[in-house]
Amino acid sequence: MSALLETHNLEVFYGDFQALFGVDVVINEGETVAIIGSNGAGKSSFLNALCGLNPSQPDQIRLEGVAVGGTPAFDMVRKGVALVPEGRRLFPSLSVEENLLVGIHGMSEDRGWTLDAIYDLFPILKERRNQPSTTLSGGQQQMVAIGRALMSNPKILLCDEISLGLAPGVVKDVYVAVTEIKRRGTTVLIVEQDLNAALDAADRVYCFMEGRVSLEGRPSELTREQIQEAYFGI
Amino acid sequence: MSLTNTIIQGVLLGGLYALYAAGLSLIFGVMRLVNLAHGDFIVLAAYVILALASAFVIPPFFAMLIALPFLFALGWAIQRVILNRTVEENLLVPLLVTFGLQIIIQNGLLQGFTADSRRLSLGGIETASISLGGISFGVMPLLTFVAAIAVIGGMSALFYMTAMGRMLRATSDNRTYAQIVGINPHKVFAIAMGLAFIVIAVAAFFMGARSNFDPSQGPARLLFAFEAVVIGGLGSLWGTLAGGIILGVSQAVGAAIHPQYQILAGHIVFLLIILFRPRGLFPKQ
């Protein structure tokens, strides 16, 4: 497998505050990779840097070997990096279908994700297509956020806390969709606090602690003690 | 009959205020920018139409049509070159910059066109009227009102029925997260300002055809536009039309009581509405 997205010595600052300290991560094509860690570990800062919402230096992020660090978010999505942000961040004045269609603006290449394909993945959205997105349940809003990102036909889908605030049954449905997205050939990077959901879905896991990678490996090869130590530092 | 006539004349006057306000509402709705130079942009557009009509010896209406692409480009350029540098800052920066633009436009127009009052001459249609049920309707006020409905209807269709409208609304909802779907907010803002300048051109045509104008009249146009937008509800297009009508009717009723109360009555109604409905009558949800 070739590396699709890599970070080298990635650092992220918010003014004087440093959130990430020299993070090295490799995500191979076709993989599902999970980033786990406690609150404030730097997971979302990492994802926001990958998609261009947080500034970075060109060589700190490479997509298919090309330096793309510091590229604005609206260009990163055209290069194939799409984000499902924490809290969904749907556009409240747009209907469900409009929220999906607005995702097309970021498309540079057709990889098979059309409106019909999104409705096949999440049939409930087709029934609710004309409703304001704000009237949906949390799980359905998460489906819209995932569908909106997929409409740009990304090479890699970045999912930030997609289980946050959802009932366990809904989380299961969302992760079934993530498995299907991977099966269709889209690389997936998940940032997740729900350890079990992340470990079940991922081929490889990185654990972040205080802005640094504290552990890396395949879920099947990591012991619970190793993960606890890397996660909590105890 | 007299009260009915007063209200009808007020409604028609409201069409002109709605035209003044539509561009301001569009800009505020999309980028949350309070454009203090809006009234001066209207006066500037009126001078552009006047200059084209004089240069090519054509009716002002055709001069306005010729001016549309030029004014779109001017609005786009002002946003790209000047205002986009201010929209990420706090509210004070764009206020100061648009205030500066106001000064520059007024003095530039004074330099180029002197302080003399001008008018866009449309010939006999300016004074033409039709009578219906004992009430006379001026043709120009009627056309102004129809234009206001057409402009706001067109903007509404653009916003709610096109891909461009989806981009404008998404950017208005959340400019940061609009980027993750491939929208460059600064480009969208420039397009929005270009569109606002098209609306400004229409407003300028009717302003110039219905009254004299000179370089100092921008702030008064801004005030009426601002009041109509706030009365109607911030960011609401049809609310802007309603705001213009309420302002127009208020002024017409005030003028019927005593001519010196015309402007004052509009301001009083505006104050009452922001006192009891600070977000306006039909705010964008």
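All residue numbers here refer to positions counted from 1 along the written sequence of the relevant chain. Chains and ligands are labelled by the order in which they are written, letters from A for the one and numbers from 1 for the other. Owing to the predicted nature of the model, reporting of local features is limited to residues with pLDDT of at least 70; listing and counting of side-chain atom pairs is limited to 80 or more, with chain, interface and lining totals taken over all residues.

**Overview of the interface of chain B and chain A**
For step 1, the next point in the chain: C-beta atoms are placed from the backbone for every residue, and two residues are taken to be in contact when these atoms lie within 7 Å. Taken together, the contact between chain B and chain A spans 14 residues of the former and 21 residues of the latter.
For step 2, the next point in the chain: When residues in the side of chain B that touches chain A are grouped by element, the largest group, six residues, is from helix α6 (residues 163-173) of chain B.
For step 3, the next point in the chain: Here the side of chain B that touches chain A is built from residues that sort into six nonpolar, five polar and three charged. Secondary structure counts use DSSP, requiring at least four H or I residues in a row for a helix and at least two E residues in a row for a strand, with both numbered from the N terminus. Throughout this entry, Asp, Glu, Lys and Arg are counted as charged residues, while Ala, Val, Leu, Ile, Met, Phe, Trp, Tyr, Cys and Pro are counted as nonpolar. The remaining residues, Gly among them, count as polar.

**Focus: the nonpolar core**
For step 1, the next point in the chain: Among the nonpolar cores identified, the biggest contains 165 residues, and A:Leu158, B:Ala45, B:Ala46, B:Ile49, B:Ala192, B:Ile200 and B:Ala201 are the most heavily contacted of them.
For step 2, the next point in the chain: Every residue in contact with A:Leu158, bar those within four places of it in the chain, is listed here: A:Leu47, A:Leu50, A:Cys51, A:Val81, A:Ala82, A:Leu83, A:Val84 and A:Leu189. One nonpolar core equals one set of buried Ala, Val, Leu, Ile, Met, Phe, Trp, Tyr and Cys residues connected by C-beta atoms within 7 Å. Put plainly, a residue is buried at 20 or more neighbouring C-beta atoms within 10 Å of its own, exposed at 12 or fewer, and partly exposed in between, counting only other residues' C-beta atoms, which are placed from the backbone.

**Looking at the pairing of strand β9 (residues 204-209) of chain A**
Residue and element names in this part refer to chain A.
For step 1, the next point in the chain: Only strands that DSSP links by at least two bridges are regarded as paired with each other. Both strand β3 (residues 32-36) and β9 contribute to a ladder of four bridges, which runs parallel. If you follow Val33 over to β9, its bridge partner there is Arg204.
For step 2, the next point in the chain: Pairing analysis gives five bridges linking β9 to strand β10 (residues 212-217), with the strands arranged antiparallel. Within β10, the position partnered with Phe208 by the bridge is Val213.
For step 3, the next point in the chain: Counting the residues in the hairpin turn of β9 and β10 gives two residues, including Glu210, whose phi is positive at 50°.

**Some points on the environment of A:Leu157**
All names here are of chain A.
For step 1, the next point in the chain: Among the structural elements, Leu157 can be located in strand β7 (residues 156-160).
For step 2, the next point in the chain: What makes Leu157 buried here is the crowd of 24 C-beta atoms within 10 Å.
For step 3, the next point in the chain: Expressed as a C-alpha distance, the spacing of Leu157 and Thr32, which sit 125 residues apart in the sequence, is 9.5 Å.
For step 4, the next point in the chain: When neighbours within four sequence positions are excluded, Leu157 is seen to be in contact with Ala82, Val84, Ala149, Leu150, Ile181, Thr186 and Val188.

**Thoughts on unusual backbone geometry**
Residues and elements named next belong to chain A.
For step 1, the next point in the chain: The backbone of Arg89 sits at a positive phi, close to 55°, despite the residue not being glycine.
For step 2, the next point in the chain: Counting through the fold element by element, Arg89 comes out in the loop between β6 (81-84) and α3 (96-101).
For step 3, the next point in the chain: Positive phi values are uncommon outside glycine, yet Glu210 reaches one of about 50°.
For step 4, the next point in the chain: In this structure Glu210 comes out as partly exposed when scored by C-beta crowding, with 14 C-beta atoms within 10 Å.

**Focus on α6(B)**
Residue pairs three or four apart in sequence face the same way in an α-helix, which turns once every 3.6 residues.
For step 1, the next point in the chain: Among the residues making up α6(B), those that are buried are B:Arg166, B:Met167, B:Leu168, B:Arg169, B:Ala170, B:Thr171 and B:Ser172.
For step 2, the next point in the chain: Turning to α6(B), the residues buried within the fold contact α3 of chain A together with α1 (2-31), α5 (139-161), α7 (175-178) and α8 (185-210) of chain B.

**Some thoughts on the sheet that holds β10(A)**
All names here are of chain A.
For step 1, the next point in the chain: Pairing is mixed across the open sheet formed by six strands, whose spatial order is β6-β7-β8-β3-β9-β10. Unpaired on one side and paired on the other, β6 and β10 mark the two borders of the sheet. Averaged over all pairs of adjacent strands, the angle between their axes in this sheet comes to 20°, without regard to strand direction.
For step 2, the next point in the chain: Where helix α1 (residues 43-50) meets the sheet, its contacts fall on β3, β6, β7, β8 (187-192) and β9, and the angle it forms with β7 comes to roughly 150°. Lines fitted to the C-alpha atoms define the axes, with helices restricted to the stretch that makes contact. Angles between their N-to-C directions range from 0 to 180 degrees.

**Notes on the packing of helix α9 (residues 218-232) of chain B against helix α10 (residues 237-257) of chain B**
Residues and elements named next belong to chain B.
For step 1, the next point in the chain: Close contact between α9 and α10 brings their axes to 7 Å; oriented N to C, the two are set at 115°. Pair α9 / α10 crosses with right-handed handedness. Packed against α9, whose contacting residues are Phe224, Glu227, Ala228, Val229, Ile231 and Gly232, the element α10 presents Gly239, Thr240, Ala242, Gly243, Gly244, Ile246 and Leu247 at the interface.
For step 2, the next point in the chain: The residue makeup of the contact of α9 with α10, split by class, is seven nonpolar, five polar and one charged. Handedness of each helix crossing follows the sense of rotation of the near helix against the far helix: counterclockwise by less than a right angle gives left-handed, clockwise gives right-handed.

**Considerations on the environment of B:Gly239**
Residues and elements named next belong to chain B.
For step 1, the next point in the chain: Turning to its location among the elements, Gly239 is positioned in helix α10.
For step 2, the next point in the chain: A residue is classified by how many C-beta atoms lie within 10 Å of it, and Gly239, with 24 of them, is buried.
For step 3, the next point in the chain: A C-alpha to C-alpha distance of 33 Å links Gly239 and Pro59, two positions 180 residues apart in sequence.
For step 4, the next point in the chain: When near neighbours in sequence (up to four residues on either side) are disregarded, Gly239 contacts Gly232, Gly233, Gly280, Leu281 and Phe282.

**What about the packing of α1(B) against α8(B)?**
The angle between the axes and the distance between the axes are what describe a pair of packed helices.
Residue and element names in this part refer to chain B.
For step 1, the next point in the chain: Packing of α1 against α8 leaves a shortest axis separation of 8 Å and a crossing angle of 170°. As the angle between them shows, α1 and α8 are arranged roughly antiparallel. Every residue of α8 that contacts α1 at Leu16, Leu19, Tyr20, Ala22, Gly23, Leu26, Ile27, Val30 and Met31 is listed here: Phe189, Ala192, Met193, Leu195, Ala196, Val199, Ile200, Val202, Ala203, Phe206, Met207 and Arg210.
For step 2, the next point in the chain: Among the residues forming the contact of α1 with α8, the class breakdown is 19 nonpolar, one polar and one charged. Should an angle fall under 35 degrees it is called roughly parallel, over 145 degrees roughly antiparallel, and 65 to 115 degrees roughly perpendicular, with every other angle called oblique.

**Topic: the confidence of the model for chain A**
For step 1, the next point in the chain: Averaged over every residue, the pLDDT of chain A is 92; residues scoring 70 or more account for 99%.
For step 2, the next point in the chain: Helix α9 (residues 224-232) of chain A is the least confidently modelled element of chain A, averaging 80 in pLDDT, while strand β4 (residues 61-63) of chain A averages 97, the highest of any element. On a range of 0 to 100, pLDDT expresses the predictor's confidence in each residue.

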